[in-house]
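Results of the structural survey
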Number of protein chains: 2
Amino acid sequence: MKKVALGIDIGGTNTDMAFVDREGNFLAEGHLPTSNFPEPEVFVAVLAEKVKLMKKTMGEPIEIIGIGIGAPMGNINKGTIEEPADLAWKGITPLADLLREHIDLPILVTNDANAAAVGEMIYGSAKGMKNFAVITLGTGLGSGIVIDGKLLYGQDGFAGEVGHTIVRPGSTNRECGCGRVGCLETYVSATGLKRTLFKIISDSILESELRDLSFNDMTSLNIAEAAERGDVLAKRAFEHTGEMLGLKLADLVAHTNPEAIFLFGGLALAKGLIMEPTLRAFHGNLLSIYRGKVKLLPSGLNSKNSAVLGASALAWDQFGSVEANT
Amino acid sequence: MKKVALGIDIGGTNTDMAFVDREGNFLAEGHLPTSNFPEPEVFVAVLAEKVKLMKKTMGEPIEIIGIGIGAPMGNINKGTIEEPADLAWKGITPLADLLREHIDLPILVTNDANAAAVGEMIYGSAKGMKNFAVITLGTGLGSGIVIDGKLLYGQDGFAGEVGHTIVRPGSTNRECGCGRVGCLETYVSATGLKRTLFKIISDSILESELRDLSFNDMTSLNIAEAAERGDVLAKRAFEHTGEMLGLKLADLVAHTNPEAIFLFGGLALAKGLIMEPTLRAFHGNLLSIYRGKVKLLPSGLNSKNSAVLGASALAWDQFGSVEANT
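Only a predicted model underlies this, so the values are computations on that prediction, with no experimental measurement involved.

Each helix and strand in chain A was counted, giving 8 helices and 13 strands. Computed over the C-alpha atoms, the radius of gyration of chain A is 20 Å, within 12% of the 20 Å expected from 2.2 N^0.38 for a compact globule of 326 residues. The principal-axis extents of the C-alpha atoms in chain A amount to approximately 60 × 45 × 35 Å. Relative to its full complement of 326 residues, chain A shows a buried share of 56%.

It is worth spelling out the interface of chain A and chain B at this point. Between chain A and chain B, the residue contacts involve 35 residues of the former and 35 residues of the latter. In terms of residue count, helix 6 (residues 232–256) of chain A provides more of the side of chain A that touches chain B than any other element does, 7 residues in total. Per-class residue counts for the side of chain A that touches chain B are 17 nonpolar, 11 polar and 7 charged.

Right, let's get into the relation of the copies chain A and chain B. If you rotate chain A by 180° and push it 0.0 Å along the axis, it lands on chain B with an RMSD of 0.0 Å. Read as a symmetry element, the transformation amounts to a two-fold axis. Of every C-alpha in chain A, the one belonging to H255 of chain A sits nearest the axis of rotation, 3.7 Å from it. Of all interface residues in chain A, 100% are interface residues in chain B too; the two copies therefore contact each other through one and the same surface.

A few words on the nonpolar core. Formed by 218 residues in total, the largest nonpolar core has its most connected members in I69 of chain A together with I69 of chain B. Among residues more than four places away in sequence, those in contact with I69 of chain A are I8, I10, G74, L95, I107, L108, V109 and A311 of chain A.

Here we come to the confidence of the model for chain A. All names here are of chain A. Here chain A shows a mean pLDDT of 92. Residues at 70 or above account for 97%. Contacts from residues 322–326, a stretch scored under 50 in pLDDT, to residues over four places away or in other chains number 7 contacts. Complex prediction metrics read pTM 0.89 and ipTM 0.86.

All names here are of chain B. If you trace the 5 strands from one edge of the open sheet to the other, you get 3-2-1-4-8, paired in mixed fashion. In this open sheet, the two strands that pair with only one neighbour each are strand 3 (26–32) and strand 8 (107–110). Between one strand axis and the next, the sheet turns through 20° on average, direction left out of account. As judged from the 6 bridges shared by strand 2 (residues 15–20) and strand 3, these two strands associate in the antiparallel manner. When the sheet's bridge partners are listed, M17 is paired in strand 3 with G30. With respect to the sheet, helix 1 (residues 40–57) is in contact with strand 1 (2–10), strand 2, strand 3 and strand 4 (62–70), its orientation differing from that of strand 3 by roughly 150°. Packing against the sheet, helix 3 (residues 112–123) makes contact with strand 1, strand 4 and strand 8, and its axis sits at approximately 125° to strand 4.

Another point: the pairing of strand 1 of chain B. Residues and elements named next belong to chain B. Burial analysis of strand 1 places 7 of its 9 residues in the buried class, which makes it a mostly covered element. The sheet contact formed by strand 1 and strand 4 spans 7 bridges and is parallel. Along strand 4, the bridge assignment pairs L6 with I67. The turn linking strand 1 back onto strand 2 is made up of 4 residues.

Time to look at the packing of helix 5 (residues 220–228) of chain A against helix 6 of chain A. For any two helices packed against each other, the geometry is given by the interaxial angle and the distance between the axes. Residue and element names in this part refer to chain A. As a packed pair, helix 5 and helix 6 sit with axes 7 Å apart at the nearest point and diverge in direction by 115°. Of the two possible hands of crossing, helix 5 and helix 6 adopt the one that is left-handed. Every residue of helix 6 that contacts helix 5 at I223, A226 and A227 is listed here: A234, K235, A237 and F238.

Residue and element names in this part refer to chain A. Considering the arrangement of structural elements, one finds T13 in the loop between strand 1 (2–10) and strand 2 (15–20). Along the chain, T13 and S35 lie 22 residues apart, while their C-alpha atoms are 5.2 Å from each other. The contacts of T13, once residues within four sequence positions are left out, are P33, T34 and S35.

This next bit is on helix 3 of chain B. Residues and elements named next belong to chain B. In this model helix 3 runs 16 Å from its N-terminal to its C-terminal C-alpha over 12 residues, within 8% of the 16 Å that 1.5 Å per residue would give. Judged by how many residues are buried, helix 3 sits mostly within the fold: 12 of 12 residues are covered. Within helix 3 the residues assigned to the buried category are D112, A113, N114, A115, A116, A117, V118, G119, E120, M121, I122 and Y123.

Residue and element names in this part refer to chain A. By the secondary structure assignment, I76 is in the loop between strand 5 (74–75) and strand 6 (80–82). I76 gets classed as buried once you count the C-beta atoms within 10 Å, which come to 21. Considering only alpha carbons, one finds I76 and I92, 16 residues apart in sequence, at a separation of 13 Å. Excluding anything up to four places from it in sequence, I76 contacts L108, V109, T110, Y153 and G157.

Conventions we followed
Residues numbered from 1 in each chain as written. Chains lettered and ligands numbered in written order. Predicted model: local features only at pLDDT ≥ 70, side-chain atom pairs only at ≥ 80, totals over all residues. Helix = DSSP H or I, 4+ residues; strand = E, 2+ residues; numbered from the N terminus. Rg over C-alpha atoms; globule rule 2.2 N^0.38 Å. Buried ≥ 20, exposed ≤ 12 C-beta atoms within 10 Å, placed from the backbone. Contact = placed C-beta atoms within 7 Å. Nonpolar A, V, L, I, M, F, W, Y, C, P; charged D, E, K, R; others polar. Least-squares fit on C-alpha atoms with pLDDT ≥ 70 in both. Core = buried A, V, L, I, M, F, W, Y, C linked by C-beta atoms within 7 Å. pLDDT = per-residue confidence, 0-100. Pairing = 2+ DSSP bridges. Axes fitted to C-alpha atoms, helices over the stretch in contact; angles between N-to-C directions. Left-handed = near helix turned anticlockwise from the far one by under 90°. Expected span 1.5 Å × (residues − 1).

This is how it looks when you write it as structure tokens:
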């Protein structure tokens, strides 16, 4: 019987999932709109139905070895999602327990960036690396840190929340979804980029095509495209974003001394725009003992399916025995 | 034959060492002034002679199981000291190789804060803990991070340089010995406290007994004593120092999610003065998922011998088989 892992990526807007074989091939996919389900119980029931449908689309019988779930504030120890800034589910959601009422399989829940890090290690550019970090740049900023070939979970399962380190101490002007002020992800993320652009618009008198878009209508892609066309304010927004990211990645190195840091996700796809200022600030802020030793690279998995691939890698890593192959 | 470890703590001013038994008892001690030896070759030769003398003072024959050395910028992988900000030895010093020319024993070199962390784990308040960090507050600020019961060394042996994370991005007014500007240890350390006090003196018109002391004559103890006597500027200096430390310890938690953080060393001895503002800033800056979970505590080893004890614990941990006992 064909063995597969079920990888699930829960995002603030959408949830994507797939049956993924050991080699990283997607055999069936499913999607549902997370934000349509304010009750996690309903979400889980719908998700379980989708999985049944996915099974039916398979030409052959399959054995699901386990389920890997990447979700904001996913807690590996308890299988819970706890106080996520980017989801409608408040408090503590016992996700694994809820899902297990429908599907009796081993389930791992961790944050999406941890899943991305395992994906990078098994299928991406971190193959063979023992110490590295992955920074996911989407609606927010996530981070997964691998130490000696293993994900760093810490005492309570919540290590790697670099998006919630403070970049502007004492700042009063960037509120974060986490309830605090000045967090890195309020500056460095798709939303952070927009906020920075709006600050720049408010300060500047220069023309910009982006002055025609409302905050809610604008996407980071709009800003990237404007920057590519030479829009000065858009370029400045990327510049500032990279400066903040490079600075805090130098701090990350001073904590864990990785071999490499990978940038993953939508915003990271704007490669030159984000990479150049980030690299400059990163190397400019790096302590001398680390210089020339720590690489800053784009993820080897920057595709639309990477988050699901990472989640499935989590299951293979824990419940299968994955050989590092392509 | 009595088994001992040789623990050596190399500081900017003094080097202390001792034969330490498995239970943490000091059986013989030695000292030499680091700053008197600008050539590491000479330092090592003198150190080896001191060890011979120490051996002679022992009433019984001993077997040295190995040598643990804590030193600024000590590199565990190579046995080197690399570009230390606080020592006269520039570039890369092959300390273990130099010492092995005189003493043929297994030698471990790591930074003094890593040694303190192992000491805390074996003899101090971190007994039984798997995930914690130790912050050493001396001339500089060091940090040792333990993950799953093992020291975090990272890819190049230099993990845990929290003293060189940036606390004031873009600041132009606090140069660090590492060649950069705005590092945490320029604010939070014995020297940082003095610098902060001098900044406060420069800004304020209030009276203070500390206005009678030059920078070079002043110690952090002077400031602590003045604060205890109610000196407003001295108290303000501790307040600011604690604010900065608490802020960056919250960042440390967002990286590694430890169970506890211990404050160790001279400055940490000023318990109420430094602990209270640090705790306030720490809890005020902690992401909600960590609140009530991560303890901030004084070290259980705050004595004059703790650094040497930590260095010896390093040797016992690696070359002996230490039971966690008292």
